[in-house]
Every structure is written in structure tokens, then in C-alpha cells.
Amino acid sequence: MEKKKTVNLNLKQYGMVFAMLIIFIIFYVMTGGVNATPMNMNNLIMQNSYVIILATGMLLCVLTGNVDLGVGSYVALCGAVAAKLIVENNMNIPLAFLITILVGVAFGAFNGFFIAYLNIPPFVVTLAGMLIGRGLTYTLLESKTVGPLPNAYVKVGAGFFASSKIEFGGGTLDIITILVAVIATVLVIGAELKTIKTQQKYGFAMAPTWQTGIKVAATLAILWFFFFKIASYNGIPIILLLMAVIVGIYHFITSKTVAGRQVYALGGNEKAARLSGIDTKKVYFWVYTNMGFLAAIAGIVLSARNASATPKAGDGFELDAIAACYIGGAAASGGVGTVVGAVIGAFVMGILNNGMFLIGLSTDLQKVVKGLVLLGAVTFDVLSSKKKN
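Computed from a predicted structure; not experimentally measured. (Residues numbered from 1 in each chain as written. Predicted model: local features only at pLDDT ≥ 70, side-chain atom pairs only at ≥ 80, totals over all residues. Heavy atoms only, no water.)

A. Here's a closer look at the packing of helix α2 (residues 38-47) against helix α9 (residues 209-231). Where α2 contacts α9, the two axes come as close as 8 Å, and the packing angle between them is 105°. The angle between α2 and α9 falls in the class roughly perpendicular. Each of P38, M41 and I45 in α2 lies in contact with α9, whose residues at this interface are F225, F226, K229 and I230. Taken together, the residues that form the contact of α2 with α9 break down as six nonpolar, no polar and one charged. (Axes fitted to C-alpha atoms, helices over the stretch in contact; angles between N-to-C directions. Helix = DSSP H or I, 4+ residues; strand = E, 2+ residues; numbered from the N terminus. Parallel < 35°, antiparallel > 145°, perpendicular 65-115°, else oblique. Contact = heavy atoms within 4.5 Å. Nonpolar A, V, L, I, M, F, W, Y, C, P; charged D, E, K, R; others polar.)

B. Representation of helix α1 (residues 15-30) in the model. Here α1 spans 23 Å end to end across 16 residues, near enough to the 22 Å set by a 1.5 Å rise per residue. Burial in α1 covers these residues: V17, M20, I23, F24 and F27. With its buried residues spanning 125° around the axis, α1 presents them on a single face. Among the exposed residues of α1, those pointing more than 90 degrees away from its buried face are I22, I25 and V29. Elements that come into contact with the buried residues of α1 comprise α2, α9 and α15 (339-358). (Expected span 1.5 Å × (residues − 1). Buried < 20%, exposed > 50% of the residue type's maximum accessible area, 1.4 Å probe, protein only. Arc of directions from axis to C-beta.)

C. Structural view of the side chain of D320. Relative to the helices and strands, D320 is located in helix α14 (residues 317-327). Here Y50 takes part through its side chain, which lies 3.5 Å from a polar atom of the side chain of D320. (Polar contact = N/O pair within 3.5 Å; in protein donor to acceptor, adjacent residues only side chain to side chain.)

D. Structural context of the environment of L69. With respect to the secondary-structure elements, L69 resides in the loop between α3 (49-63) and α4 (71-88). For L69, a relative accessible area of 14% translates into the label buried. Sequence-wise, L69 and I322 are 253 residues apart; in three dimensions their C-alpha atoms are separated by 8.7 Å. Those residues in contact with L69 that sit more than four places away from it in its chain are F123, T126, L127, M130, E318 and I322.

E. Structural detail: the pattern of salt bridges. Under the counting rule described, the total for this entry stands at five salt bridges. A salt bridge links E88 to K84; the nearest nitrogen and oxygen atoms lie 2.8 Å apart. You can see E88 and its partner K84 sitting in helix α4, four residues apart, about one turn around the helix. The exposure class assigned to E88 is partly exposed, which follows from its relative accessible area of 45%. Taking the shortest distance from any N to any O, the salt bridge between K370 and D320 comes out at 3.5 Å. One end of the pair, K370, is in helix α16 (residues 363-388); the other, D320, is in helix α14, and 50 residues separate them in sequence. Judged by its relative accessible area of 19%, K370 is buried. (Salt bridge = Lys/Arg side-chain N within 4 Å of Asp/Glu carboxyl O.)

F. Layout of the confidence of the model for the protein chain. Per-residue confidence for the protein chain averages 87 on the pLDDT scale, and 93% of its residues sit at or above 70. The lowest-confidence element of the protein chain is α16, averaging 78 in pLDDT; the highest-confidence one is helix α5 (residues 93-116), averaging 95. Contacts from residues 330-335, a stretch scored under 50 in pLDDT, to residues over four places away or in other chains number 19 contacts. (pLDDT = per-residue confidence, 0-100.)

Have a look at this one:
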């Protein structure tokens, strides 16, 4: 009888997940459990929605070996456009959203044209975009805050789906959120079984059953902890569904489509990609146009959460998005980043920001901590890769 081939799970793949859990536990101890309350878990989602949306698009830029320095300004500009159209021009919300998204796409295409077809370095183009976008925002808003925005708009960034609550343990639980958790559980288990079936079919080496069991159990434990907390609050935030859809779509694009594989090929070796028949100019163009699209979505979400548009909105967002990608392993392993990794990196940044705020750490020291975490994560990844080679 042929001996079944086995291989241990690559723990390095889950390194940032472990780090995220450790950071969360440290702040749990330091805050006396405040960071794990239902209200704070809900705030964690809403406060970091923009980072996750931007990191999803920034990942594609990072995979090509570049970044987009202007996304914070695009977020501010798009939020300003939406607010002005609705508050001062009484435009209906769907049409205002459409125009706002077109503005973001146009800004992204503007960058993409200079990068792809005029061969201007992305650093220079996006730095110029950052200055132009911020200047246009101040001009459009006349250096004033525009608001308040109508409730229908605000719900996008701060609203919840209709809930159906039941009594549970002296409090209430949203039954719809629990049903979503059940569906997510089935999907996680189904995906793992499908992977195992594929490995068996082609004779690939498989992880020992006990290791797979621990991985699935840990995943489900995190999933149920998260959903139980938000079920104990107001149920599922609308922004959570929006983020899930965006992450799902871009995970599919990067892992299952020709366009996604071309981005990885371009990041690995641009000359080789071009010689293999990939239109690298087209790839650069759509990647940066897409970044403008997602920045517009983030701009709408941010202005909705704040119920207004301000000239300083989005300040420093590009740094959070870039850090999320690198912390999630987006570029430090030679261009093998994933959308899921970028999302994990965004949550690491979010848990850090939230925890440091709860313990009252000054903003200057918060920047020091975030910088050390970013440097430490990338250094660990690079050294691990060298050791492996």
C-alpha cells in the first residue's frame, strides 16, 4: 500500500494571524477587556472600513512594485464631491454616488495614463496626485466642513441591517447575524474539504489531520467570537457587507483570473512579463484606475460615517493602506501577497490603533509603535525568506 505523503502546515503563512491575536490579547489585558466589548468590536469594523477598502486596491499597486501616495487625497476629494452634490445641490443619493465614483475613476485613470503610457515613475505621479487632490478638495469645500448629510447617506457608513433579536444570557442576540455565522462556518468547512479532495485527487502532500483540525477549529473560533460580539450589539453593519463583497471580488480576481495573474507576473519581472506577451501598459493602467475607484468608495464611506465632508479627511490614509499591505506580507515575500493578507494587515493596524486609543497612548507614541510594528513585520518576513532560501 502506497504511503500517504504528508507535509506540516507552513506556520509562516499564519504568522500575522498569530501576531494579530497576540496584540488583541495584550490590549485585552491592558484595557481590562474593554477592547472585546460588543460596542468596541463594532467600532473596530467601522473605524477600519476605509483601510480595508483602500488596502484591497493598494495591494495591486504593491504587487507591481509600486504604491499610490495619493489615495488619502482622493478619498477627501470624492467625499467632498458627494457632500456638495447632496447638501448644496439637492441631488438624489444614487446619482451623487455615481458621479463621485466616476470622479475617483477619472483621477485613477489620470494617474494610470502618466504611469503606463508616458512612463513617468509612479512615485512622482501619485505624489503629484496627492497634492492636486488635496488642493482641489480645499478649493471645492472652500476650506469648510460641508454637512450634515442626510440619514440615508449616513447609513452607508454607520447603519445596520434590520435585525431580529432574541433574549440570550441576560441580553439579546441578533438571530440574522448568528445565521450568517452558521453560513460562514459551512463555507469554511466546505472550502477545507474541497482543498483536501483536490490534494487527494492529484496526489499532493497533505497536512496531518490533527493540524488541519486545529487550523479549522482556530478559524471557526475567531469567526464565532467576532459574530457573537456584533450579534450582541446592533447586528451586522452595512459597511461589513460592503467590505465582504469587495474583498471577495478582489480575492477572486487576484487568484482566479488572467488579469490577476498578469499583475503577479508584472511584479515578479516586468521585462519577462512583457516578453511573454502581457500588455504591461494595460496592466499598469487598470491597476491605478481601479485604485481611484476604490478610493471613491472609501470617500463615500468615510463621509457617511462622519456625516460630513472636511478638507482634512483622508489625511495619512495612504500610509495605513500601504502599511496594511506590507504587514500582511504583500511584498516582503517577493510579490506573493494576497487580498486576505492585506485584510489581516489592515486589522492588525486597526487593533493597534484602537488599543492604543483605549489605553490613552499619546498620538506621537502611537506613530512610533506603528512604525516599529511595520518595520518588525517586514524584517521578519525578509529574514525568514532568506533563511528558507
